[in-house]
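Per-entry structural report
The primary structure of each chain is shown beneath.
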Amino acid sequence: MLPLELDRLSFSVGSTPIIEDISVRIEAGPRTIILGPNGAGKSVLMRLCHGLLQPTAGRIVWHGLRNGDPRRHQAMVFQRPVMLRRSALANVVYGLALAGKSRRASELRAMDVLEVVGLAQHAGRPARVLSGGEQQRLALARAWALGPDVLFLDEPTANLDPASTQDIENIIQAIHASGTKIIMTTHNLGQARRLGDEVLFINKGLLMEQAPIERFFREPASAEAGAFIKGELPWH
Amino acid sequence: MALIRGLFLGLALLGLAQAPAVAQQKFITVASTTSTEQSGLFKHMLPVFEKKTGIQVRVVAQGTGQALDMGRRGDADVVFVHDKVAEEKFVADGFGVQRFEVMYNDFVLVGPKADPAKIAGTKDIVAGYQKIAAAKAPFASRGDKSGTHAAELRLWRVAGIDPQTGKGGWYRETGSGMGPTLNTASSMNAYAFTDRGTWLSFKNRGDLVIVVEGDQQLFNQYGIMLVNPARHTHVKKEMGQTFVDWVVSAEGQKAIADYKIGADQLFFPNAKR
Amino acid sequence: MTSLWEAFAAAWALIAGFDATLAQIVGLSLQVSLSAVLIATCFGLPLGAAIAVERFAGRQALIVLLNALMGLPPVVVGLLVYLLLSRAGPLGSLGILFTPTAMVIAQTLLIVPIIAALSRQTLEDAWREYDEQLRSLGARRLNAAMTLIWDTRFSLLTILLAGFGRAAAEVGAVMIVGGNIDGVTRVMTTTIALETSKGDLPLALGLGIVLIGLVLLLNTAAALLRELAQRRYG
């Protein structure tokens, strides 16, 4: 359903602008990393794209959408995944059932993805008693099971230890390799380098630049991006 | 789904709740007074009737005023109360078919052993009332328009005293049944006007004893009447009449006379059949 | 002090010599109040869930109203149901005044606001946590509401118990619509009221202790269940 085009997109709460007049085109293929300081509007931008928030101005256009509800072709993993009070397997089946899959097909598919994320042996355990890292892997499995064209990831490793972060990154690579477009936000510049192909740099609700990852880190277009890369964080 | 299942379960349970009512289809509802119920008379006499006829008698015990009101609304088949004037009006207004006299008991005046009005052992209830008012000794009244309350007020009128002048002072209206009123009198050592039956079965007496009894004017007549089926078509005419007839029959009258607490007979049958 | 001891002795005697009359009264109390809780849940829970997940005009006013109705005096509800079910009233032809059914109806009315208002609060708190995740997975309102109910089931159980406690403990409504008829509509609370008015305070208090014991037992069972579930499901 890609490419995704944002056309003069704005979002404000009351009179406070959060996203201001962003126009950009995101193509199928490359992994897109949305970078920016705290409060820049990264998460809000992602929620707008995913349809969880309605823009106050501008349009979101999925150029490749052939039919129906764009939500059916995308999935999202949140910084803090919400685990339903049921087994790990049932958490994955839940999303598939909502997508209209039969019970039998859902369970087969769910077991497959749990296997891939390394949770097959925990399939029957209540999701809420899993560790933080396991819960995030389960959230990825739940999203991936839906077979989305686009997967949004909002700071998926922000609360995790290095080992768990490594697991999550491997899974994200696998999802990318399977042909799903990755769009994610992160604070972690190392992670951005490891996982990203292109960067959208956001500051104070404005899109500062869209660039291939190499070029962004080598020669950032704005002074703010340069400072952000150096970790000077002048906005704090 | 769970919701629908829950709803059905709920409805099924509602049906279950009704089960006792369905299982016992032969029953009549009798509106009566706390004095007959709480004295234990019904527990004694109703099984005799139920055994003979197979008709279950469901008694809703309230003050006479409320019981008559239940009859007026058509919520009872038979009314069995003790306020002759109100009962005759009930029949005259077309709510009851015919009033039969059933039995009498008597009222007594109870009061604290200390007896501040100095009336213990006297027989003259009117003189007793006058002394209580003069001494401004605490008096607990039901104040609930019941048969007992009506009798109490009638005697105040005979004594030429308006107890309302003592309201909030020595004259206290509890606005509740005989039992709660006796509880109140017991806790504040007040005089109280009660039927003997309730008094004899009352347990929380504290310092209260009978101070005045035996006066002709303390006579308390009970009457029974079928609620008029012409006014309320659903009234169980046959079964209700069967009960009325039985109560005034020799057998019913004997069941009443037989009821005793200890050695005391509580109710004296006097049906005029 | 002595009457308190007498009350405990009476309570013990009641339990130890569990006679048929008491069993029947306790059974009817449970049957009426549990039925009321079940039916009230069928109305109150969907209502609470709808208010929790929907946004509509007058929502805030409805919440305030429900919260206020939680304090509805039982006597008022009893009187209302009495006037409805009385032969002279609009539903008089049903002939269900002075039956357990009438008592179930009165108690149901009494606790629907409790279950609706408290479940609304619980479900709305959960909704705040689940909202984005469920919408992201494509859940519609009804789906979301069902999921919230299932996921908060142990908290909701506590709410149902609160409703049961209120129903089992009230006397004003069942006295009026049931009539406290011996063997038909006599429940624990009306028996307590009756024994009180007979001046048999120890027996009344003894019955009260039995009632509290019953409610305590139910709550303990629910607390254990909840504790177990918390450990099991997180």
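These numbers come from a predicted model, not from an experiment.

Parameters at a glance
Here, residues in each chain are numbered from 1, in the same order as that chain's written sequence. Lettering of chains starts at A and numbering of ligands starts at 1, both following the order in which they are written. Confidence filtering applies because this is a predicted model: local features only for residues at pLDDT of at least 70, side-chain atom pairs given and counted only at 80 or more, and all residues used for totals across whole chains, interfaces and linings. Computation of side-chain values covers all heavy atoms of the structure but excludes hydrogens and water. Helix and strand definitions here come from DSSP, where helices need a minimum of 4 consecutive H or I residues and strands a minimum of 2 consecutive E residues; each element is numbered from the N-terminal end. Only protein chains enter the accessibility calculation, which uses a 1.4 Å probe; a residue whose area is less than 20% of its type maximum is buried, one above 50% is exposed, and one in between is partly exposed. Should any heavy atoms of two residues lie within 4.5 Å, those residues are counted as being in contact. Note that accessible areas follow from Shrake-Rupley with a 1.4 Å probe, and for residues the cover is restricted to the protein chains shown. Charge assignment: positive for Lys and Arg, negative for Asp and Glu; neither His nor the chain ends contribute. Think of each charge as sitting on NZ of Lys, CZ of Arg, CG of Asp or CD of Glu. Grid spacing is 1 Å over the protein atoms alone, the probe is 1.4 Å, and a cavity is where that probe fits but cannot get out, while a pocket is an open set with protein on both sides within 12 Å along at least five of seven lines and lining residues have an atom within 4 Å of a point. Grid points are joined across faces, edges and corners, and a volume is the space filled by probe spheres set on the points. For this classification, the nonpolar set comprises Ala, Val, Leu, Ile, Met, Phe, Trp, Tyr, Cys and Pro, the charged set comprises Asp, Glu, Lys and Arg, and every other residue, Gly included, is treated as polar. Patches were defined on residues exceeding 30% relative accessible area and lacking a salt bridge, with like-charge contacts within 9 Å and nonpolar side-chain contacts (Val, Leu, Ile, Met, Phe, Trp, Tyr) within 5 Å. Here, a salt bridge means any Lys or Arg side-chain nitrogen found within 4 Å of an Asp or Glu carboxyl oxygen. A simple way to read buried area is as the amount of 1.4 Å-probe accessible surface that goes missing from two parts once joined, with both sides added. Distance and chemistry together define a polar contact, namely a pair of N or O atoms within 3.5 Å, with one atom able to donate a hydrogen and the other to accept it when in protein, and with adjacent residues in sequence counting only for side-chain atoms on both sides. Helix axes are fitted only over the stretch in contact, all axes being lines through C-alpha atoms; the angle between N-to-C directions runs from 0 to 180 degrees. Any angle that is under 35 degrees is reported as roughly parallel, and any over 145 degrees as roughly antiparallel; angles of 65 to 115 degrees are reported as roughly perpendicular and all others as oblique. When the near helix sits turned anticlockwise from the far one by under a right angle, the crossing is termed left-handed; a clockwise turn instead gives a right-handed crossing. Only strands that DSSP links by at least two bridges are regarded as paired with each other. Segment limits for the domains were obtained from an automatic or database-derived domain assignment.

Helices and strands together make up the secondary structure of chain B, namely 11 helices and 12 strands. In terms of its C-alpha atoms, chain B occupies a principal-axis envelope of roughly 70 × 55 × 40 Å. The buried share among the 273 residues of chain B stands at 53%. In chain B, of all internal contacts separated by at least 6 residues, the share reaching a separation of at least 24 is 74%. When the accessible surface of chain B is totalled, it reaches about 11600 Å², and 56% of it is carbon and sulfur. When the 32 basic and 26 acidic side-chain charges of chain B are each reduced to a single mean position, those positions are 3 Å apart.

Let's shift gears to empty space enclosed by the protein. Residue and element names in this part refer to chain C. Here the structure, examined in full by the defined rule, presents four cavities of 30 Å³ or more. Counted as a void, the largest cavity has a volume near 70 Å³. Every residue lining the largest cavity is listed: Val 26, Ser 29, Leu 30, Ser 33, Phe 164, Ala 168, Met 188, Leu 211, Leu 214, Val 215 and Leu 218. Broken down by secondary-structure element, the contributors of at least two residues to the lining of the largest cavity are helix H2 (20–53), helix H7 (153–169) and helix H10 (201–233). Residue composition of the lining of the largest cavity, grouped by class: nine nonpolar, two polar and no charged.

It is worth spelling out a nonpolar patch on the surface at this point. Together, C:Leu4, C:Trp5, C:Phe8 and C:Leu205 make up an exposed nonpolar region whose accessible area comes to about 430 Å². As for its placement among the helices and strands, C:Leu205 is situated in helix H10.

Residues and elements named next belong to chain C. Structurally, Arg 120 can be placed in helix H5 (residues 100–136). Judged by relative accessible area, which is 8%, Arg 120 ranks as buried. Excluding residues that lie within four positions of it along the chain, Arg 120 makes contacts with Gly 48, Ile 51, Ala 52, Ile 63 and Asn 67.

Take the interface of chain C and chain B next. If you look at the interface, chain C gives 33 residues, while chain B gives 33 residues. In total, chain C and chain B occlude about 2800 Å² of area from one another, counting both sides; carbon and sulfur atoms represent 63% of this. Considering only the side of chain C, the residues that lose the most area to chain B are C:Arg87, C:Ser197 and C:Lys198, jointly responsible for 18% of the buried surface there. At the junction of chain C and chain B, the tally comes to three salt bridges. A salt bridge links B:Lys43 to C:Asp182, with the nearest nitrogen and oxygen atoms 3.3 Å apart.

This part is about the interface of chain A and chain C. Between chain A and chain C, the contact holds 21 residues from the first and 20 residues from the second. For the pairing of chain A and chain C, the buried interface totals around 2100 Å² over both sides, and the portion due to carbon and sulfur atoms is 49%. Among the residues chain A hides against chain C, the three largest losses belong to A:Val82, A:Arg85 and A:Leu98. Together they make up 30% of the total. The tally of links between chain A and chain C comes to three salt bridges. Our count for the contact surface shared by chain A and chain C stands at 10 residue pairs in polar contact (both at pLDDT 80 or more). Broken down by secondary-structure element, the contributors of at least two residues to the side of chain A that touches chain C are helix H1 (42–50) and helix H2 (88–98) of chain A. No other element matches H2(A), which puts three residues into the side of chain A that touches chain C. Grouping the amino acids of the side of chain A that touches chain C by side-chain chemistry returns 12 nonpolar, three polar and six charged.

Residues and elements named next belong to chain B. Their axes nearest at 11 Å, the elements helix H3 (residues 41–53) and helix H10 (residues 237–248) cross at an angle of 125 degrees. If you check the angle between H3 and H10, you find them oblique. In this structure, H3 crosses over H10, and the sense of that crossing is right-handed. When H3 is examined against H10, the residues Met 45, Leu 46, Val 48, Phe 49, Lys 52 and Thr 53 are found in contact with a partner set consisting of Thr 242, Phe 243, Trp 246 and Val 247.

Before going further, it helps to examine a positive patch on the surface. A cluster of basic side chains, namely A:Arg72, A:Lys101, A:Arg109 and C:Arg140, defines a positive patch on the protein surface. Its place among the elements puts A:Lys101 in the loop between H2 and helix H3 (103–116).

Attention now moves to the sheet that holds strand S5 (residues 74–77) of chain A. Residues and elements named next belong to chain A. With respect to topology, six strands assemble into an open sheet ordered S5-S6-S7-S3-S8-S9, the strand pairing being mixed. Where the open sheet ends on each side, the last strands, each with one partner, are S5 and strand S9 (206–212). Direction aside, the axes of adjacent strands within the sheet are offset by 15 degrees on average. For strand S3 (residues 32–35) and strand S8 (residues 198–203), the ladder comprises four bridges, and the chain directions are parallel. Looking at S8, one finds that Ile 33 is bridged to Val 199.

In this section: the environment of C:Gly213. Structurally, C:Gly213 can be placed in helix H10. Spatially, the C-alpha atoms of C:Gly213 and C:Leu4 are 16 Å apart, while their sequence positions differ by 209 residues.

All names here are of chain B. Partitioning chain B into domains gives domain 1 (2–104 + 221–269) and domain 2 (106–218). Between the C-alpha centres of domain 1 and domain 2 the distance comes to 28 Å. Facing the 12 residues of domain 1 at the interface are 14 residues of domain 2. Taken together, both faces of the contact between domain 1 and domain 2 bury some 1000 Å²; the carbon and sulfur share is 57%. Three residues stand out in domain 1 for area buried against domain 2, namely Gln 38, His 82 and Leu 266, and they jointly supply 33% of the buried area on that side. For the pair domain 1 and domain 2, the interface holds zero salt bridges. The tally of links between domain 1 and domain 2 comes to three residue pairs in polar contact (both at pLDDT 80 or more). Within the residue set of the side of domain 1 that touches domain 2, elements represented by two or more residues are helix H2 (34–38) and helix H4 (64–73). When residues of the side of domain 1 that touches domain 2 are assigned to their parent elements, the largest contribution, three residues, is made by H2.

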